[in-house]
Amino acid sequence: MESDKIILTSKARCRDCYRCLRACPVKAIKMKGGQAYVEESRCVLCGTCVRECPQKAKSIRSDTERAAGYIKDGFYTAVSLAPSFAAIYSDWRLKRIVSALRRLGFNYIAETAIGAQITAELTAALCGERNKTLIASACPAVVNYIEKYRQEMIPALAGVVSPMIAHAKAIIAKLSKEKKREEYKIIFIGPCAAKKKEAEREEFAGFIDAAITFDELDEWLERENINLNECEESDFDEISPNRARLFPLEGGLIKTAALETDMLDSEILAISGFDEIENALEVLNSNSGLDSKIKIIEPLFCVKGCINGPGAVLTEKSGIFGRKNSIIEYYGSGAARKNKIKVSPADFKASYRHFKIEDPLDISEEDIKSVLEKTGKLNIEDELNCGACGYNSCRDKAVAVIRGMAELEMCMPYMRKMAERRTDRIIETSPNGIIILDEKLHIISMNGAFKKMFMCSEVVIGKRISYIIDPANFEKLSTRGGAKIETIEKYPSYNLICHEILYALSDEKQYVGIFVDITNLEINQKRLDEIKSKTVCQASELLEHQINMAQQMAKFLGEYTARGEELVKNLMKVSEPDNPPADRNIYKK
Ligand code: SF4
Ligand code: SF4
């Protein structure tokens, strides 16, 4: 895991499936060595890849340790709780989440809705002033996208800080009456990955000290054994303006600012999700006439708004509509209340930058062609544009290869073709005969070794296997089923003895036969057996001969011993004075 990035990749979990790349709206995923990394300079922090990865290989950096550290170190801590909290901690949990936060050690807890009201009112005021379309700038992922990819739209951005920054400013204004800024920390809690980066922007330094997601908060509560069931109800330290509670919904800013919309109102456009944003920006760029009619666009990067943010993964059965309903109920439950904070627009101004993405500047047609050719795309018909690699077209993928964002091997059809070719080559060059039959045991194909072994040619293709060999084993396989048949068969008419392995390809309804020629082995075995039996005969003869020899030797030795005894006795007699030896030649046999 990389530690200073906001979207992290677990190498162990990444399975090289390109799903995150397919889902990433700006193709900020770099494939290297079969791993999908997030290229920070291109990433807009929408968190789509986190939601999409089926292996949970992508995650949002956790900042709970930093927040917990502030509490542990004795800082006074203030929480800005995003208005989407009412969708995540709905019903009975609404008021208990406040006391759960107090149990964690936070001192002051208020809703970001206070800042949302400021952002909405300032944006609405600008809307009346400008005679060009205004793009609301509350969603940091949208701001990231425009700063990196649609820089021509920067002048259209409202230039008003987001609710998170507006609320931080309001908290600072309140707390500064009794505390110095270095004595307290402000922690934002919400559903958003992009807010983490927004909090770290140079121009907003000193406002937000840590930004954590609802998912991080849940893990933290679990670690501390704080169960919402056991928490008492508690109120926020400040009451929020109730209209701003709608802010996390599509069109929430417009509602909060009381710029009412209806489907027929072409001056106001509340949109969510990348496709709608792209479409709206195209319209603004098109000089189609519509561009001059639209007064304000309120874009949210997450489809259906912040209630679908990547830091609050959908788990409830009620889904996104249940969440929307919870927000509307929460909005309805509060008394109408307006923002009481005096606002000077200059204090809530946002500025934007042109981000430069490093790319090889000149990518020529020749460069693209050369990459396409390397993956077998020699003609336009070869460019399948299937999207399996994650790119919308083969050319887009070729450009990504040149930029170092993609690898040649990511082209699935090409890799499949290569694999098929390799398989064909292996089959064709196999020393064993291989034959493939259809479900009626007609020959579909066979390799060179089979043709040689059974003395046939392509002419037999389409004919039944019985045309060449006894079909009994294949018939057994097709009628009785079973995984495979392994047997040794003799084919005298082909002078062949084969070790055969026959099996079925169930999905394809085909049968495969592999024939290993063991004729020579069998002949050699026969010879070996003959030699063995001859050797055994000779060994028996030799043994018999040896036994005879041994018997004769024994007999001789027996006689020799008896004669020895006799001589010793004679010697003893010789040594007695009155008994001269009977036979003086003691060595005579
Ligand atoms: S966070 Fe969004 S932009 Fe960044 S890599 Fe993931 S999907 Fe792409
Ligand atoms: S829609 Fe909301 S949660 Fe999603 S990126 Fe924008 S601000 Fe964050």
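Heads up: the structure comes first, above all this text.
Residues numbered from 1 in each chain as written. Chains lettered and ligands numbered in written order. Predicted model: local features only at pLDDT ≥ 70, side-chain atom pairs only at ≥ 80, totals over all residues. Heavy atoms only, no water.

Student: Help me understand the sheet that holds strand β7 (residues 134-135) in this model?
Tutor: Strand order across the open sheet formed by 3 strands is β7-β11-β10, with parallel pairing between neighbours. Each edge of the open sheet is held by one strand with a lone partner, namely β7 and β10 (268-272). Taken together, the 2 bridges between β7 and strand β11 (residues 296-300) define a ladder with parallel strand orientation. Within the sheet, the bridge partner assigned to Leu 134 lies in β11 and is Ile 296. (Pairing = 2+ DSSP bridges. Helix = DSSP H or I, 4+ residues; strand = E, 2+ residues; numbered from the N terminus.)

Student: Help me out: how do you make sense of the site of ligand 2 in this one?
Tutor: The local shell around ligand 2 consists of Cys 139, Pro 140, Ala 141, Cys 192, Leu 300, Phe 301, Cys 302, Cys 306 and Gly 309. Of the residues belonging to the shell around ligand 2, the class tally is 8 nonpolar, 1 polar and no charged. (Near = heavy atom within 4 Å. Nonpolar A, V, L, I, M, F, W, Y, C, P; charged D, E, K, R; others polar.)

Student: Please clarify how the packing of aromatic side chains should be interpreted in this entry.
Tutor: The geometry of two aromatic rings is summed up by the distance between their centres and the angle between their planes. Applying the stated criterion to the full structure yields 14 aromatic pairs. Ring geometry for Phe 85 versus Phe 236: centroids 5.5 Å apart, planes at 80 degrees, classification edge-to-face. Here the residue Phe 85 occupies a position in helix α4 (residues 85-88), and Phe 236 occupies one in the loop between α10 (214-223) and α11 (252-256), the gap between them amounting to 151 residues. The pair formed by Phe 85 and Phe 236 is uniform in burial state, with each residue classed as buried. Here the aromatic residues Phe 450, Phe 454, Tyr 491, Tyr 494 and Phe 515 are joined through ring pairs into a cluster of three or more. Cation over ring: Lys 169 sits above Phe 348, and NZ or CZ is 5.7 Å from the ring centre. The ring of Tyr 76 carries the charged tip of Lys 179 above its face, separated from the ring centre by 4.4 Å. (Phe/Tyr/Trp six-rings, centres within 6.5 Å; stacked < 30°, edge-to-face > 60°. Buried < 20%, exposed > 50% of the residue type's maximum accessible area, 1.4 Å probe, protein only. Lys NZ or Arg CZ within 6 Å of the ring centre and 35° of its normal.)

Student: So what exactly am I meant to see when it comes to the pattern of salt bridges here?
Tutor: Should their charged atoms come close, side chains of opposite charge can pair. For the coordinates displayed, the defined rule picks out 23 salt bridges. Among the salt bridges present, the one from Glu 203 reaches Arg 201, with a minimum N-O distance of 2.8 Å. Glu 203 sits in the partly exposed class, given a relative accessible area of 28%. Each of Arg 61, Asp 63, Arg 66, Lys 196, Glu 200 and Glu 216 takes part in salt bridges that share partners, so that together they form one network. (Salt bridge = Lys/Arg side-chain N within 4 Å of Asp/Glu carboxyl O.)

Student: Would you mind going over the site of ligand 1 with me for this structure?
Tutor: Taken together, 14 residues lie around ligand 1, and Cys 24, Cys 43, Cys 46, Gly 47 and Cys 49 are the ones closest in. Here the shell around ligand 1 is composed, by residue class, of 12 nonpolar, 2 polar and no charged.

Student: What is the right way to read the state of the cysteines from this model?
Tutor: By definition, a disulfide links the sulfur atoms of two cysteine residues through a covalent bond. Going through the model one piece at a time under the given rule, you end up with 0 disulfides. Cys 389 takes part in no disulfide bond, and the closest cysteine sulfur to it belongs to Cys 386, at a distance of 6.1 Å. For Cys 389, a relative accessible area of 9% puts it in the buried group. (Disulfide = S-S within 2.5 Å.)

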